[in-house]
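# Secondary and tertiary structure notes
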Protein chains: 2
Amino acid sequence: MGGDGGPAVTVAAALGLADRADLTLVGGAAEIGRVAGSRVRELRIHPTTEVLSPGDSLADVLRRRPDSSMRQALVLLARGEVDGVVSGGDTAALMALSRAQLTMVPGIDRPAIGKYLQGMAGGFWMLDLGANLDCSVEQLHQFARMGTILARHVSGIATPRVALLNIGTEPHKGPELQRLAAERLAADPSLHYAGFVEGNRLFEGVADVVVADGFAGNIALKAIEGAARMAGHLLRGWIQGLGPLQRLSLLPVRGDLAQLRHGLNPQRYNGASLVGLSGVVVKSHGSADAEGFQSAIDEAILEIRGRIPERLAAGEGR
Amino acid sequence: MGGDGGPAVTVAAALGLADRADLTLVGGAAEIGRVAGSRVRELRIHPTTEVLSPGDSLADVLRRRPDSSMRQALVLLARGEVDGVVSGGDTAALMALSRAQLTMVPGIDRPAIGKYLQGMAGGFWMLDLGANLDCSVEQLHQFARMGTILARHVSGIATPRVALLNIGTEPHKGPELQRLAAERLAADPSLHYAGFVEGNRLFEGVADVVVADGFAGNIALKAIEGAARMAGHLLRGWIQGLGPLQRLSLLPVRGDLAQLRHGLNPQRYNGASLVGLSGVVVKSHGSADAEGFQSAIDEAILEIRGRIPERLAAGEGR
């Protein structure tokens, strides 16, 4: 029921994936039925009566909406009736309800938000992206472990290199938190620590996992989004500013140009993971369309198949 | 003498600007003469005997290199023999020597690094970009005042809108520092406070001044640089990946494409300002070429003409 598009997006995504995923739609049965039309019989629906709204405080979310679709989806996950949850709803609400309904994996203090970003040569996992503003050295260490497991068992990299986001690469650079975390990561034989990374080299393939405190990670992620949007805007404006003959000359490459514009966004695959919980929970961007929501479902499937929570709980990389 | 190119860059920049700036070159006279050749008589040289090297610690910079070109340039500024200093040397060294040779403007605790970035519709000043990792609310307030004066008297915006970089736009979002600073800026009638801004909207013209603590500002700046580099890389790769006929079709727009790639970099004008000092000091990027170094000199000229230190000292915007 969440996200800007609500069931129009999630139902279309579910219908498109029915052949390769066993999906349960949690939400208002009438609304889902209206969107699905005659194809409603292809869907499994777990009906709920309440929907979270942007006006709800976190206290409302936790206490005054017992039958919200978001909560009930997480209840199904906690009961083992589903293997993962994907939601387009509010991130803070999803975080709060996930923590209320699921347990943390032993050894992890709080969930982190992690995402796979595209680079020039391969991509990398980055976490935390905003769930934890005041991080301890211990938490950054946990992020490194979680990112290593994601990179290994979702992205298939045997020995993921872990870097710490900082504002310089020499060991004495940056805040105390980053410097102490660097020592901690370097001392952990189960990690392949690759040093500090600055944002200007993020996309150059220097690491498979980039660890950040939630504030710095979110600042970097949003700045990247802003710069990518500006690049797309400039490319569009450039095309519009060309003379008629020049535009004509671009006709043969038009489709390629559209693909280039799409590629400018390092976050082009939708789906951010709430990592460290006892189950797989993926947040889809609120503005995602059906195709984007499918990406988020695919991400959840990869994490379920990679048995990420189980591996974390079993102490892999500890 | 600083920067990757040394006098090859700075001498060429100076020769190119001789008609509209009264320049003094501070450095090794023999090296400058070698680069300038017969045109050396067009230059005013203030000879020095020492050059800072990357191996110098800040203690070396401050105590063991009395005749470094960087220090002597700042001595000339402190004595009023020049109106501003532009250096391509190390930022930390320039910051330390500037603080040692110049005084702070009354009411400003420490210099901030500020820079004008290009957006989709006009640009904006952003500060601090890395000089102050542990900022107080008071310092963020000072950055807002300094940015307002820069936007007004360098960029010509009568009532600059000031935003605070944060990881959400609602008042309760983000770390305590940002929330307290928001209250402080909103309460200052001499500022036009426009609320929090997230990195994804930085380039959309939401503010003329963006205030950040030095850590967040540097993280954002470098991430933007990384994303812009990736966009340029993708554009180049896209062209190279086209078939021969498609490439032929691009011939009429080749020059335009080069300009587009240049435009992808929001930091395309070189020159970061050390603001809050009693004189104008501009840092040129170490990798700048002669044209880039000229941009940094132009920035210094604009700040000198705008009388930025004098206006700050006179308490404008206090």
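Residues numbered from 1 in each chain as written. Chains lettered and ligands numbered in written order. Predicted model: local features only at pLDDT ≥ 70, side-chain atom pairs only at ≥ 80, totals over all residues. Heavy atoms only, no water.

Glancing now at the overall build of chain A. Secondary structure assignment for chain A yields 12 helices and 10 strands. Whereas a compact globule of 318 residues would reach a radius of gyration of roughly 20 Å, chain A reaches 21 Å, a difference of no more than 12%. If you line up chain A on its principal axes, its C-alpha atoms span 65 × 60 × 35 Å. Within chain A, buried positions represent 54% of all 318 residues. Summed over all atoms, the accessible surface of chain A reaches about 13,300 Å², with 51% contributed by carbon and sulfur. Across chain A, the centroid of the 32 positively charged side chains sits 3 Å from that of the 33 negatively charged ones. (Helix = DSSP H or I, 4+ residues; strand = E, 2+ residues; numbered from the N terminus. Rg over C-alpha atoms; globule rule 2.2 N^0.38 Å. Buried < 20%, exposed > 50% of the residue type's maximum accessible area, 1.4 Å probe, protein only. Areas by Shrake-Rupley, 256 points an atom, 1.4 Å probe, with all protein chains shown as cover. Lys, Arg positive; Asp, Glu negative; His and termini not counted. Charge placed at Lys NZ, Arg CZ, Asp CG, Glu CD.)

Counting from both sides, the interface comprises 46 residues of chain A and, opposite them, 46 residues of chain B. Surface buried jointly by chain A and chain B totals about 4,100 Å² across both partners, of which 76% is contributed by carbon and sulfur atoms. Of all residues in chain A, the largest losses of buried area upon contact with chain B belong to Ile167, Phe215 and Met230 of chain A, amounting jointly to 16% of the total for that side. Counting every contact that joins chain A to chain B gives four salt bridges. Put simply, Glu198 of chain B and Lys222 of chain A hold a salt bridge, and the shortest N to O gap is 2.3 Å. (Contact = heavy atoms within 4.5 Å. Buried area = accessible area lost by both parts, 1.4 Å probe. Salt bridge = Lys/Arg side-chain N within 4 Å of Asp/Glu carboxyl O.)

Per-residue pLDDT for chain A has a mean of 93; in total, 99% of the residues score no lower than 70. Both confidence scores are given for the complex: pTM 0.93, ipTM 0.92. (pLDDT = per-residue confidence, 0-100.)

Overall, the coordinates contain 30 salt bridges over all chains when judged by the stated rule. Here Asp208 of chain A ties to Arg161 of chain A by a salt bridge, and the two come within 3.0 Å at their closest N and O atoms. Pair noted here: Asp208 of chain A is in the loop between strand S7 (192-197) and strand S8 (209-211) and Arg161 of chain A is in strand S6 (residues 161-165), with a separation of 47 residues, a long-range link. Residue Asp208 of chain A is classed as buried on the basis of its relative accessible area, which comes to 9%. Given a relative accessible area of 27%, Arg161 of chain A falls into the partly exposed group. A salt bridge links Arg201 of chain B to Glu204 of chain B, with the shortest nitrogen-to-oxygen separation between them at 2.8 Å.

Residues and elements named next belong to chain B. One ladder, built from four bridges, connects strand S6 (residues 161-165) with strand S7 (residues 192-197); its direction is parallel. Its bridge partner lying in S7, Leu164 is registered against Phe196. On the question of chirality, the crossover connecting S6 to the parallel S7 by way of helix H7 (residues 176-186) is right-handed. (Pairing = 2+ DSSP bridges. Right-handed = clockwise from strand over helix to strand, strands pointing away.)

A few words on the relation of the copies chain A and chain B. After a rotation of 180 degrees and a shift along the axis of 0.0 Å, chain A superposes on chain B with an RMSD of 0.0 Å. Taken together, the rotation and translation relating the two chain copies correspond to the operation of a two-fold axis. (Least-squares fit on C-alpha atoms with pLDDT ≥ 70 in both.)

All right, on to unusual backbone geometry then. Residues and elements named next belong to chain A. A cis amide bond, omega 0 degrees, links Leu127 with the succeeding residue Asp128. Tracing the sequence through the fold places Asp128 in the loop between strand S5 (123-127) and helix H6 (137-153). Unusually for a residue other than glycine, Arg307 sits at a positive phi of about 50 degrees. Position of Arg307 among the secondary structure elements: in the loop between helix H11 (290-305) and helix H12 (308-313).

To describe a pair of aromatic rings, you give the distance between the ring centres and the angle between the ring planes. Residues and elements named next belong to chain A. By the definition in use, this model includes four aromatic pairs over all chains. Considering the side-chain rings of Phe124 and Phe203, the 5.9 Å spacing of their centres and the 55 degrees angle between planes classify their relative orientation as tilted. Of the two residues, Phe124 sits in strand S5 while Phe203 sits in the loop between S7 and S8, which places them 79 residues apart along the sequence. Phe203 matches Phe124 in its accessibility class, with the two residues each being buried. (Phe/Tyr/Trp six-rings, centres within 6.5 Å; stacked < 30°, edge-to-face > 60°.)

Another point: the sheet that holds strand S10 (residues 280-283) of chain B. Note on sheets: strands pair through backbone hydrogen bonds, and any given pair is parallel or antiparallel. All names here are of chain B. Sheet architecture is open: eight strands sit in the order S3-S10-S9-S4-S5-S8-S6-S7, paired in mixed fashion. Every interior strand has two partners, whereas the edge strands, strand S3 (84-87) and S7, have only one. Averaged over all neighbouring strand pairs, the angle between strand axes comes to 25 degrees, with direction disregarded. Direction of pairing for strand S9 (residues 272-275) relative to S10: antiparallel, over a ladder of three bridges. For Ser273, the partnering residue across the bridge sits in S10 and is Val282. Helix H5 (residues 91-101) rests against S3, strand S4 (112-118), S9 and S10 of the sheet, and its axis sits at about 170 degrees to S10. (Axes fitted to C-alpha atoms, helices over the stretch in contact; angles between N-to-C directions.)

What follows covers the environment of Leu17 of chain A. All names here are of chain A. For Leu17, the position within the fold is in helix H1 (residues 7-17). Judged by relative accessible area, Leu17 falls into the buried class, the value being 1%. Not counting the four nearest positions on each side in its chain, Leu17 is found in contact with Leu23, Gln294, Ile297 and Asp298.

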